[in-house]
Structures are given as C-alpha cells and as structure tokens.
Amino acid sequence: MKNPIWLDCEGNSRRDFIRIGGAGLMGLGLADLLRLEARASVEESVPAKTKSVILVWLAGGPATIDMWDMKPEASANIRGEFKPITTTERGIQISEHMPRLARVMHHCSIVRSLHHSIPSHGPGTTFMHTGHKPSPVIEYPSLGSLTSRLMDSPAGVPAYVTLGRIRDRAASAGYLGSSFNPFEVEGNAGKGQLRVRGLSLPNGFGLDQLANREKLLNVFDARFEKLEREGNIVASLDKFQEQAFEILRGQATRKAFDLSQEPKKQREYYGMDNFGQGALVARRLVEAGVRFVSLSMGGWDTHSNNFNSLKDTRLPNLDRALSALILDLNNRGLLGSTVVYCAGEFGRTPKVNDRGGRDHWSRSMSVLLAGGGFKRGFGYGSTDGEGMRPKDNPCLPADLSATLFHSMGIDPQHELTTPTGRPMKLFQDGEVLHDLLS
C-alpha cells in the first residue's frame, strides 16, 4: 500500500522490510514459510474477549497535545492554535479538527499518560510495536506476530496483515521466525488496487498449472525429507503446501480486498483516499477472520508548519476514516470483539518552536483505544498543566501491550522460546492496566 511520505526528519526510510513470498515462484514461497512454522510449538487456544486488533499507526510521531490532550489554559506557545470541543462523552474534549471522532468518543478510551524515553523514530517505533525497548542482542516480535503465533485464525486466511510499511522491521516476527511475519499489502486502496504479496498469481497462470508445478516440486521435496526430519522440521510437507494452496485458492482474503462489493456511499463515508479505503479494507479483513491488521498513515513528523499540516490534511483524513471504522465495526456487531488502537512512536514537544512546529517528545503522549475488552467513554491518566509529563497513572508501551494481550485472554507473562532455547516472557516489564478494561 503506497504511502507518499516515507522519509522522516532523521532521513531514513524502511528499505529492509520483509517481503513475504517474494523469493518463491508464483507465490510458492508461502509454502516454504509455512514449513518454518513447525519450528515453534503449538499453544493451546485461550478464550478471549478481544478476537482481533486494528492498529492505526500514525508514522512520524503525532502532536497528540493538538489532538487528544489539549491544554487550553496554558500559555499561547504551548496551547497552540487549536481549540478543544466537547464530545459525546462528558468530561472528554478533543481537537476541534476531529468533529466526527468527537461524536463517537463514547465508544473510546483515551490514554493520556503514556510515556517512554526514546524520542527517535526507529527505536520508538520498535518500542511501541513490540512492547520492548530495542535490544542489540535480540529482535523482539511485533504485537501482530505474537498474535499470529498465539491465536488461531480461519483456514485460508492470513493471521497478520499490514497495509502500509512500518520502518526498521518493527512489524516483523523477530525471534519467532519468518513464519509469523505479516502478509504485506501492495498497491493503492484509494484506486482499488490491492494484493497481498505471495498470495496472487500472475495473469494467465492458473491454479491447475500451479498444481502441476507442485507435482514436480514434490519429487525434489521427497529427496530432502530425511534432512528436514533431522532438522526438527515436520517431515511431511503436504500440510504446509496444502495451507499455501488454501490461501491461494480461498475466496475470503480475495473478497476482503474487493472494495467493489461495498456500496459507494459506504466507501465515500470512509474517504476515497488511500488511508480511508485502507481502513475499510481493515474492517473487511477482520470480518474475514484476520487477527491483527496494521494500517499506516505517514506525515506526522511536523517540526515545522505543524498546525497547517494537521488542520488541512492529517486530522481531517484521520477524523473521517477512524470515526467511520469505529462506527462501522459497532454497527456490524464487531466492535465488542475488535480493538482499534491508534498510536504513533512518540508525541511532540509542548512548546511550539520558532518554525511553527513541534519537535520529538516521548516524555508524554496519548493514544486512542476503542472496542474489544476496553472501557468505553473513558479517560485514563493525565499530564501536568503544560503537557510536559504524566501527572496521574503514568504507563509505558509495555503496559499497554500487556493490557492488550490480557484482553485477548493471553497471559502477558507467558513464555516463548527463542531459537537458541532462551525462555522469553511476552512482556517482561509490562503490567496490566486493569482500570482500562471493562
């Protein structure tokens, strides 16, 4: 899914993201990846109130002081240009440039006391996506990869899908191995051109031809059967090949990307831009049984011209698509089992700089949560009068991650094993924020 803004103020772009299925011919690389799943033991399923997660990722670090945690009583160089408005939840105010979200705030919780100590794009993104501070000795798996590893999904449907790139491998499976990397979506949702890498066949190449090619590959696979066994990989490759074919042949994933099935009015309600249509695809993927969807929107790195950038493009687009997603999920009876989690890698400085912008600030930031096992119409925590630091109920990315997985019925202290045999808790330092849960 193409995003027009990839470069941030640190001059980086994520070029080394994992491309699922790219190494295999005609999508057959998927079978190779599925083989690797046998390296990890299968966990028993755990009953969960939250069944799916949609992470709305605001890449670049949004100025949440101009969105969710406004300071109208502060001095002009802190409160900025925007005014707060009332919402459908008494006592919660948000930016005047998000009127649609104000009308669905009774479905949401705002966490205003999140903080961490990494005001840098790449490491901050990793911290928020994994619940762990980046480490030079181990690559932690993303929340989506952990979900893919620990929760079942319907046959023929990917467990974890990303729409829009996430930098620095933060969305990858880390020590879990490539079997649990996301299925990455390519194309432009606004133009109705989407496909999952590795799940599409080229024009003129049918499934029958793929099956014939499979017969040929089986001859070679049989020769390596003993080697696979000795390497503690499942001897029979039929299981994995069958799963690959199920996804290739199945209708569920293909239909989820076919926005022509949606009424025109519904598509327009989300917004006909790439991000709005991506949000609609995210809802359709959850309906199909996908457990974790990450939807990325760039352009939040506002060191200059912060207020014009927000009010002219970023906030109106976010307001339309995110409010539509929450309402649509609720109207379809899906919000009770689906968490919508809107966040970025850090916040921005309470003080406006001399270029009319705000700089990196991780000491205080806000996120929005809606649905699943979380309370509705709730404000968690607060910051001081100038938004510099948490005042009440300070919490870390690890705490939010632990709380999210608790809502999925997964113990945050559950242990997995790295390829070297090292036991690893899901979130070593995370504590469940029970006051956030319904």
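Figured I'd write up the structure that's included with this text. Predicted, not measured: the structure shown is a model, and the values here were computed from it. (Residues numbered from 1 in each chain as written. Predicted model: local features only at pLDDT ≥ 70, side-chain atom pairs only at ≥ 80, totals over all residues. Heavy atoms only, no water.)

Turning our attention to the overall build of the protein. When helices and strands are tallied, the protein shows 13 helices and 17 strands. Burial statistics for the protein: of 438 residues in total, 57% are counted as buried. Contacts in the protein between residues at least 24 apart in sequence constitute 75% of all its contacts with a sequence separation of at least 6. Taken as a whole, the protein presents about 18,500 Å² of accessible surface, with 48% of it coming from carbon and sulfur. (Helix = DSSP H or I, 4+ residues; strand = E, 2+ residues; numbered from the N terminus. Buried < 20%, exposed > 50% of the residue type's maximum accessible area, 1.4 Å probe, protein only. Contact = heavy atoms within 4.5 Å. Areas by Shrake-Rupley, 256 points an atom, 1.4 Å probe, with all protein chains shown as cover.)

To continue, consider unusual backbone geometry. Even without a glycine there, the phi angle at Asp-168 is positive, about 55°. Checked against the element boundaries, Asp-168 lands in the loop between β5 (160–163) and β6 (183–188). The backbone of Asn-393 shows a phi angle near 50°, a positive value even though the residue is not glycine. Tracing the backbone shows Asn-393 in the loop between β15 (390–392) and α13 (397–407).

The subject of this paragraph is the pattern of salt bridges. The tally for this structure, following the rule as stated, stands at 14 salt bridges. Measuring nitrogen to oxygen at the nearest pair gives 2.7 Å for the salt bridge that ties Glu-262 to Arg-283. Remark: Arg-283 occurs in helix α11 (residues 274–288) and Glu-262 occurs in the loop between α9 (252–256) and α10 (264–270); sequence separation between them is 21 residues. Of the residues examined, Glu-262 reaches a relative accessible area of 8% and is grouped as buried. Residue classification places Arg-283 among the buried residues on the basis of a relative accessible area of 1%. Between Arg-332 and Asp-328 there is a salt bridge, and its shortest N-O distance comes to 2.9 Å. Judged by its relative accessible area of 39%, Arg-332 falls in the partly exposed class. Several salt bridges share partner residues, and in doing so they unite Glu-262, Arg-283, Arg-284, Glu-287, Asp-328 and Arg-332 into one network. (Salt bridge = Lys/Arg side-chain N within 4 Å of Asp/Glu carboxyl O.)

Tracing the sequence through the fold places Gln-266 in helix α10. Residue classification places Gln-266 among the buried residues on the basis of a relative accessible area of 18%. At a separation of 2.8 Å, a polar atom in the side chain of Gln-266 contacts the side chain of Asp-328. Ignoring sequence-local partners within four residues, the contact set of Gln-266 consists of Arg-283, Asp-328 and Arg-332. (Polar contact = N/O pair within 3.5 Å; in protein donor to acceptor, adjacent residues only side chain to side chain.)

What follows deals with the pairing of β5. Here β5 shows two buried faces, one formed by Tyr-160 and Thr-162 and the other by Val-161 and Leu-163. Bridge analysis of β5 against strand β8 (residues 292–297) gives four bridges, and the strand direction is parallel. Directly across from Val-161, in β8, lies its bridge partner Val-293. (Pairing = 2+ DSSP bridges.)

Moving on: the packing of helix α5 (residues 143–150) against α13. At their nearest, the axes of α5 and α13 sit 12 Å apart, and the two run at 25° to each other. One element, α5, and the other, α13, form an angle in the roughly parallel class. Read as a crossing pair, α5 and α13 show a hand that is right-handed. On α13, the residues that touch Leu-143, Leu-146 and Thr-147 of α5 are Ser-401, Leu-404 and Phe-405. Class assignment of the residues belonging to the contact of α5 with α13 gives a composition of four nonpolar, two polar and no charged. (Axes fitted to C-alpha atoms, helices over the stretch in contact; angles between N-to-C directions. Parallel < 35°, antiparallel > 145°, perpendicular 65-115°, else oblique. Left-handed = near helix turned anticlockwise from the far one by under 90°. Nonpolar A, V, L, I, M, F, W, Y, C, P; charged D, E, K, R; others polar.)

Before going further, it helps to examine the packing of aromatic side chains. Here a ring pair, both rings aromatic, is described through the centre-centre distance and the interplanar angle of the planes. Evaluated as defined, the whole model comprises three aromatic pairs. Arranged with centres 5.3 Å apart and planes meeting at 90°, the rings of Phe-82 and Phe-307 form a pair that is edge-to-face. Here Phe-82, found in the loop between α2 (76–79) and β2 (84–86), pairs with Phe-307, found in helix α12 (residues 306–331); they are 225 residues apart in sequence, far enough to count as distant. Here the two residues Phe-82 and Phe-307 agree in accessibility, since each one is buried. Aromatic pair Tyr-160 and Phe-292: ring centres 5.5 Å apart, planes at 85°, arrangement edge-to-face. Of the two residues, Tyr-160 is situated in strand β5 and Phe-292 in strand β8; the sequence distance between them amounts to 132 residues. Here Tyr-160 matches Phe-292 in class, with each residue buried. In this structure, Lys-375 packs its charged tip against the face of Phe-378, placed 4.6 Å from the ring centre. (Phe/Tyr/Trp six-rings, centres within 6.5 Å; stacked < 30°, edge-to-face > 60°. Lys NZ or Arg CZ within 6 Å of the ring centre and 35° of its normal.)

Tallied over the entire structure, the rule returns two cavities of 30 Å³ or more. Taken as a whole, the largest cavity holds about 80 Å³ of empty space. Contributing to the lining of the largest cavity are Thr-64, Ile-65, Asp-69, Gly-347, Arg-348, Pro-350, Ser-364, Met-365, Ser-366, Thr-383 and Gly-387. Tallied by class, residues from the lining of the largest cavity come to three nonpolar, six polar and two charged. Empty space within the second largest cavity amounts to approximately 40 Å³. Tyr-341, Leu-369, Phe-374, Leu-400 and Leu-404 are the residues that line the second largest cavity. Tallied by class, residues from the lining of the second largest cavity come to five nonpolar, no polar and no charged. (1 Å grid on protein atoms, 1.4 Å probe; cavity = no way out; pocket = protein on both sides within 12 Å on 5 of 7 lines; lining within 4 Å. Points joined across faces, edges and corners; volume = space filled by probe spheres on them.)

Let's shift gears to the pairing of β8. Taking burial as the measure, the six residues of β8 include six buried ones, the bulk of the element. With burial as the criterion, each face of β8 is covered, one bearing Phe-292, Ser-294 and Ser-296 and the other bearing Val-293, Leu-295 and Met-297. By the bridge criterion, six bridges tie strand β1 (residues 52–58) to β8 in an arrangement that is parallel. Paired with Val-53 across the bridge in β8 is Phe-292.

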